[in-house]
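Working through the structure, step by step
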Amino acid sequence: MAAYIGGAEKLDYEHVNSLERCLFCIERGVEAVDLADVQLGVKGAEKIAKVVAKNNTLLGLRLSGNKISDSGAKSLAHALYSNLTLVELFVSNNLIGKSGAKALAEALERNETLVKLGISRNYIGNEGAEYFVSVLRNNKTLNFLKLSHNNITASKAWELVQELKRNETIIYLGLDGVEDADETLKDKLKINLKKNNDLNLEKEKQLKDEFEKILTKGTKGPWRRSKLMVIGQGRAGKTALVRTLLNLPFKPDLKSTILCDITEVNSYKNGWRDRKRDLDRLDFTTTLAVRAAIARESSLEKFSSTATETRKKPVTKQQPETVPVAAPIEKENIQEETAYAAGKNDAPSESTPSVTIAEDGPSIPVNLLALPPKERAKARAKMAEERRKKRRKKGEVNPFLDRERIDGMLKQQLHKKAKNRVTDLSYFIWDLGGQDVFYTIHHLFMTDYGVYYLVFDMRHLLAEETLKQESIEYLFYWLNTVRLHTTSAPILLVGTFLDQVGRESLSQVNEVLMDTIKRSGTNQVVDNLEEKLSFFPLDNSNGEGIEIIREITHTISEKQVHVNKMVSIRWVKCLDDILSQKSEGWLPLNKVKEIAKDCDIVSTTEVSTMLALFHDLGVIFHLTATHALENIVTTNPAWMIEAVGKVIRDEKFHMFDMEEIQKDSLEEEVRRMFARGIVTIDLLLHLWGKNSEYNFLMDLMRRSMLLSDWNFGSNENA
């Protein structure tokens, strides 16, 4: 007895006939693997589960007919807690009983990616089926569940079918082979599944309509992104921490970071993963629009259900009937956004126009120069919006997003993927080099918009006095640096090498840290309340301690104002278009203005304000101190960091390719740079290339006090 209402995306399964070939395909990035009827057994299932747990490319896995039993099912269930990509799992005909069914069902209480589960022709019985009653009640992702031929009786099947009244996602429930099943049960199953299918189609249509409205009208949505700044002494385990956060294998021989590495990650309830390797990654515009559409859809659903309940209640004179109004779509408020940069971009132009401001009263002509900075920003924004309205009436404005663009965004049901992760966050992880020589540039990247991981080697705080004091001074330096350049950004102290220190020594480490924190005067350190420590101990070799760090980071970030900031989709669309052209790492400001104009952002003030916001949020890098700096918008900070890192580096860890240096006869210049800190123009051109933005990089290093000019007499190249 089965009913399958609605279609499904088909995966391209690769059929293999051995465990070795299966593991090879999974690690190679094959989309879906079918390894059926090869007698894997428990050990084979355990090996596959171990690989699947850390894999982020596999979408489908078929292991039917392999005698994996309850133990193998438990291993696969454990993998579902950390795997973030698997959408189909078939383990039919595998001697799985009630304990294996329990493990898989409990995993589905937490897993948010699995869409199909086939566990037919096993021995789960009524007790095992009971666990899936709970799955139908709580899981919001699964839409295909096959429990056929599992010694389930009609009474238990009725419980499963009845649960579909509350479940709104299941569109297939396989119950063939149910003992004593009658036509009434079959009919009820079909009715409930059709109800779910119709409901999903209606919701999808509503969501698509809201999605389209938001994209075409240019409303706002929540930003939901933050920065994680990983700082600390060199060789303390900062890069290893980043790898542990992303569930990547531990590498004890990692090279030291030059200046900074940047990784963009998506966070989920059951783990984090590098956005470059995230199969569900969406551009900024799509993600933001979907979140706004979902919020709107949810408010409409709430309005509908509340209104229905209200209509059912009797209306009395003492208690008049009231119907709550659904939250409206938040329309774009350019004035508020432009006011963000008031004081930063308020320098008057040569010819400052007058503007008529009409709020609720009559129009009053005023001169912009006569207004305070914030009011001036609002006035300019109002002028821009009035110009935009006039252009719309004349038909001069290009549509924000055309029908083809919207349909493209909705392919592969991207809105569904974003809906399942509406509460998730994305982070830009900045792994700053820890050698002293890099410290002079770190302040350029520091901002209140993020969370700081101050990483230290716990072994050093327990070592002989000289090494201990050195480590303490580094901690003191970083605590003061963050306090100097931020006002409220939280700091998590992360102590590494837990495996070598042992938990019995944590109290001793904590005493040293408490004294250092007190001496620094900072109040930004986040306590580890769970372990009653002022820091978070971590073993990068096996990941012990990383879960609490992830959880605390997520909790803190959720409360930060910038994470929940409502950002104009018009601006975000412009950001996506800017970042799509970041192959060179930067764009001239005039090109950015052209891109902005295509997104209906025509005011120079609005462009400047938008760039200032995205700079503070850490998505781009844009300084305005000099003409050369202002004319470059760095779309990939790694480009700028790499260029500066070719000059600011530690000879002990980061040496040049001397063969290339010798070809240009620059050995003496390199020696002088490391020995005396003097660099020639010839060497800079060799390191940066003659086609690079030489003036921009020179001004950047001058403004950050990394370089000062020194005239060597008549030698123009010095």
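Here's what I pulled together on the structure shown here. Everything numeric in this text was worked out from a predicted model, so none of it was measured.

**Considerations on the overall build of the protein**
The number of helices and strands found in the protein is 28 helices and 21 strands. Taking all 718 residues of the protein together, 52% fall into the buried category. Here the analysis covers contacts within the protein between residues at least 6 apart in sequence; of these, 78% occur between residues at least 24 apart. For the protein, the exposed area adds up to about 34300 Å²; of that, 49% sits on carbon and sulfur atoms.

**Description of the side chain of Asn192**
One can find Asn192 in helix α7 (residues 183–217). A relative accessible area of 5% places Asn192 in the buried class. Beyond its immediate chain neighbours, meaning those up to four positions away, Asn192 contacts Val161, Leu164 and Lys165.

**With respect to the state of the cysteines**
Inspection of every chain in the model, using the stated rule, returns zero disulfides. With no disulfide partner, Cys22 has as its closest neighbouring cysteine sulfur the one in Cys25, 7.1 Å distant. Overall, the relative accessible area of 0% leaves Cys22 in the buried class. Cys574 takes part in no disulfide bond, and the closest cysteine sulfur to it belongs to Cys599, at a distance of 4.7 Å. In this structure Cys574 comes out as buried when scored by relative accessible area, which is 0%.

**What about the packing of aromatic side chains?**
Inspection of the entire model under this criterion finds eight aromatic pairs. Each ring, one from Phe144 and one from Tyr172, has its centre 4.3 Å from the other, and the planes form 10°; the classification is stacked. Taken together, the residues span a long stretch of sequence, with Phe144 in strand β7 (residues 144–146) and Tyr172 in strand β8 (residues 172–174) at a distance of 28 residues. The class of Phe144 is buried, set by a relative accessible area of 9%. Between Trp223 and Phe614, the aromatic rings sit 5.8 Å apart at their centres with planes inclined by 35°, giving tilted as the arrangement.

**Describing a negative patch on the surface**
The grouping of Glu179, Asp180, Asp182 and Asp187 at the surface amounts to a negative patch. Along the chain, Asp187 turns up in helix α7.

**Re unusual backbone geometry**
With phi around 60°, Asn151 is a residue other than glycine that occupies positive phi space. Locating Asn151 in the fold gives a position in the loop between β7 and α6 (154–163). Phi angles above zero are rare outside glycine, and Arg224 is one such case at about 60°. With respect to the secondary-structure elements, Arg224 resides in the loop between β9 (220–222) and β10 (225–232). Using a relative accessible area of 8% as the deciding quantity, one classes Arg224 as buried.

**A word on the nonpolar core**
Counting residues in hydrophobic clusters, the biggest one holds 86 residues, and the most contacted among them are Trp223, Phe445, Phe456, Leu493, Phe535, Phe614 and Trp688. With seven residues, helix α20 (residues 569–579) is the largest single contributor of residues to this core. Setting aside chain neighbours within four positions, we find Phe535 in contact with Phe456, Met458, Leu493, Gly495, Leu506, Val509, Asn510, Leu513 and Asn528. In terms of nonpolar packing, the next biggest core, distinct from the first, is built from 60 residues, Val33, Leu40, Ala53 and Leu147 among them.

**A short note on helix α28 (residues 694–703)**
Among all positions in α28, only Phe696, Leu697, Met698, Asp699, Leu700 and Met701 are buried. Buried residues in α28 make contact with α23 (627–630), β21 (632–634), α24 (637–645) and α27 (681–688). Of the residues trailing α28, Met705 is marked for its positive phi of about 60°.

**Quick look at the environment of Tyr13**
For Tyr13, the location among the structural elements is in strand β2 (residues 13–15). Take Tyr13: its relative accessible area is 10%, and that puts it in the buried class. For the pair Tyr13 and Arg62, spaced 49 residues apart in the sequence, the C-alpha separation amounts to 8.7 Å. If sequence neighbours within four positions are ignored, Tyr13 has contacts with Ala32, Val33, Asp34, Gly60, Leu61, Arg62, Glu88 and Phe90. Side chain to side chain, Tyr13 and Glu88 meet in a polar contact 2.7 Å long.

**Looking at the environment of Cys574**
Along the chain, Cys574 falls in helix α20. The spacing of Cys574 and Ile601 is 27 residues in sequence and 8.6 Å in space, taken between C-alpha atoms. Residues in contact with Cys574, not counting those within four places in the same chain, are Ile595, Ala596, Cys599, Ile601 and Met610.

**Notes on the pattern of salt bridges**
Considering all chains together, one arrives at 21 salt bridges under this definition. Measuring nitrogen to oxygen at the nearest pair gives 3.6 Å for the salt bridge that ties Glu183 to Lys186. With Glu183 and Lys186 both in helix α7 and three residues apart, the pair spans about one turn of that helix. Ionic pairing is found between Asp709 and Arg702, a salt bridge with its closest N-O pair at 3.0 Å. Overall, Asp709 belongs to the exposed group, its relative accessible area being 54%.

Basis of the calculations
- Per-chain numbering applies: the sequence of each chain, read as written, is numbered from 1 onward.
- Where local features are concerned, this predicted model is filtered to residues with pLDDT of at least 70; where side-chain atom pairs are given and counted, the filter is 80 or more; whole-chain, interface and lining totals use all residues.
- Each side-chain value is worked out from all heavy atoms of the structure, with water and hydrogens disregarded.
- For the purposes of this entry, the term helix denotes a DSSP run of H or I that reaches at least four residues, the term strand denotes a run of E that reaches at least two, and both are numbered from the N terminus.
- Relative accessibility thresholds used throughout: buried, under 20% of the residue-type maximum; exposed, over 50%; partly exposed, between the two (1.4 Å probe, protein chains only).
- Residue contacts are counted whenever heavy atoms from the two residues lie within 4.5 Å of one another.
- The accessible surface values rely on the Shrake-Rupley method and a 1.4 Å probe; as for residues, cover is taken only from the protein chains in view.
- Our working definition of a disulfide is a cysteine sulfur pair at a distance within 2.5 Å.
- Ring geometry is summarised as follows: Phe, Tyr and Trp rings, the Trp one being its six-membered ring, pair when their centres sit within 6.5 Å, and such pairs are stacked at plane angles under 30 degrees, edge-to-face over 60 and tilted between the two.
- Only residues whose relative accessible area exceeds 30% and that take part in no salt bridge are eligible for patches, with like-charged residues grouped when within 9 Å of each other and nonpolar side chains (Val, Leu, Ile, Met, Phe, Trp, Tyr) grouped when within 5 Å.
- The term salt bridge refers to a side-chain nitrogen of Lys or Arg lying within 4 Å of a carboxyl oxygen of Asp or Glu.
- As used throughout, the charge tally considers Lys and Arg to be positive and Asp and Glu to be negative, leaving His and the chain termini uncounted.
- Each charge is placed at NZ for Lys, CZ for Arg, CG for Asp and CD for Glu.
- Definition used in this section: a nonpolar core is a set of buried Ala, Val, Leu, Ile, Met, Phe, Trp, Tyr and Cys residues joined via side-chain atoms within 4.5 Å.
- We call two N or O atoms a polar contact when they sit within 3.5 Å, provided that within protein one can donate a hydrogen and the other can accept it, with sequence-adjacent residues counted only if both atoms are side-chain atoms.

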